[in-house]
Amino acid sequence: NDTPALIEDIEAIRQHLGVEQWVLFGGSWGSTLSLLYAQAYPQHVRAMVLRGVFLCRQAELDWLYRDGANRVFPDHWVEFVRSIPEVERDDLIKAYHDRLLGDDEL
């Protein structure tokens, strides 16, 4: 899946349900999808309720994966990075990406 495909999935659901206009609700990544859907299909959006807006800007990614979340939730951070070797922890996004798309099946 990629973002354009997700936007088209949302539109397919709207069409399937026969809804002319609807209210979008999204939190975090869902808020980003709601905004992108609204840009692509403004005629079908009556309103939006967005919370915890996460736009995937570099500053937000840095706070989440480098320096920010680790200070707010130190105990959870330890668990989050535990499976990543020390030498890969400078780029946690890449480290987890490599694991998610790697050949090592469970």
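Quick caveat: nothing in here was measured; it's all calculated off a predicted structure.

About the thresholds
- Residues numbered from 1 in each chain as written.
- Predicted model: local features only at pLDDT ≥ 70, side-chain atom pairs only at ≥ 80, totals over all residues.
- Heavy atoms only, no water.
- 1 Å grid on protein atoms, 1.4 Å probe; cavity = no way out; pocket = protein on both sides within 12 Å on 5 of 7 lines; lining within 4 Å.
- Points joined across faces, edges and corners; volume = space filled by probe spheres on them.
- Helix = DSSP H or I, 4+ residues; strand = E, 2+ residues; numbered from the N terminus.
- Nonpolar A, V, L, I, M, F, W, Y, C, P; charged D, E, K, R; others polar.
- Salt bridge = Lys/Arg side-chain N within 4 Å of Asp/Glu carboxyl O.
- Buried < 20%, exposed > 50% of the residue type's maximum accessible area, 1.4 Å probe, protein only.
- Axes fitted to C-alpha atoms, helices over the stretch in contact; angles between N-to-C directions.
- Parallel < 35°, antiparallel > 145°, perpendicular 65-115°, else oblique.
- Contact = heavy atoms within 4.5 Å.
- Pairing = 2+ DSSP bridges.
- Right-handed = clockwise from strand over helix to strand, strands pointing away.

A short note on the layout of surface pockets
The method is simple in principle: a probe with the dimensions of a water molecule rolls over the atoms, and the space it marks as empty is what remains.
Moving on, step 1. Quantified by volume, the largest pocket comes out at close to 410 Å³.
Moving on, step 2. If you trace the largest pocket, you find 13 residues lining it, with Phe54, Cys56, Leu61, Tyr65 and Ile93 closest to the centre.
Moving on, step 3. Of all elements in the fold, only α3 (58-65) and α6 (92-101) reach the threshold of two or more residues within the lining of the largest pocket.
Moving on, step 4. With five residues, α6 is the single largest residue contributor to the lining of the largest pocket.
Moving on, step 5. Classifying every residue of the lining of the largest pocket by side-chain character gives 11 nonpolar, two polar and no charged.

Quick notes on the pattern of salt bridges
Moving on, step 1. For the structure on display, the rule yields eight salt bridges.
Moving on, step 2. One salt bridge in this structure joins Arg71 and Asp67, with 3.1 Å as the shortest N-O distance.
Moving on, step 3. Residue classification places Arg71 among the exposed residues on the basis of a relative accessible area of 57%.
Moving on, step 4. A relative accessible area of 44% places Asp67 in the partly exposed class.

Observations regarding the packing of helix α1 (residues 3-17) against helix α2 (residues 29-40)
Moving on, step 1. Where α1 contacts α2, the axes come no closer than 10 Å and their chain directions differ by 70°. Judged by the inter-axis angle, α1 sits roughly perpendicular to α2. Residues Thr3, Leu6, Ile7, Ile10, Glu11 and Arg14 of α1 lie in contact with α2, whose contacting residues are Trp29, Leu33, Leu36, Tyr37 and Ala40.
Moving on, step 2. In terms of residue class, the contact of α1 with α2 is made up of eight nonpolar, one polar and two charged.

A short note on the pairing of strand β1 (residues 22-28)
Moving on, step 1. Pairing analysis gives seven bridges linking β1 to strand β2 (residues 45-53), with the strands arranged parallel. Bridge pairing in β2 places Val23 opposite Ala47.
Moving on, step 2. One crossover worth recording links β1 to the parallel β2 by way of α2, and it is right-handed.

Here we look at unusual backbone geometry
Moving on, step 1. Its identity as a non-glycine residue notwithstanding, Ser28 has a phi of 60°, on the positive side.
Moving on, step 2. Relative to the helices and strands, Ser28 resides in strand β1.

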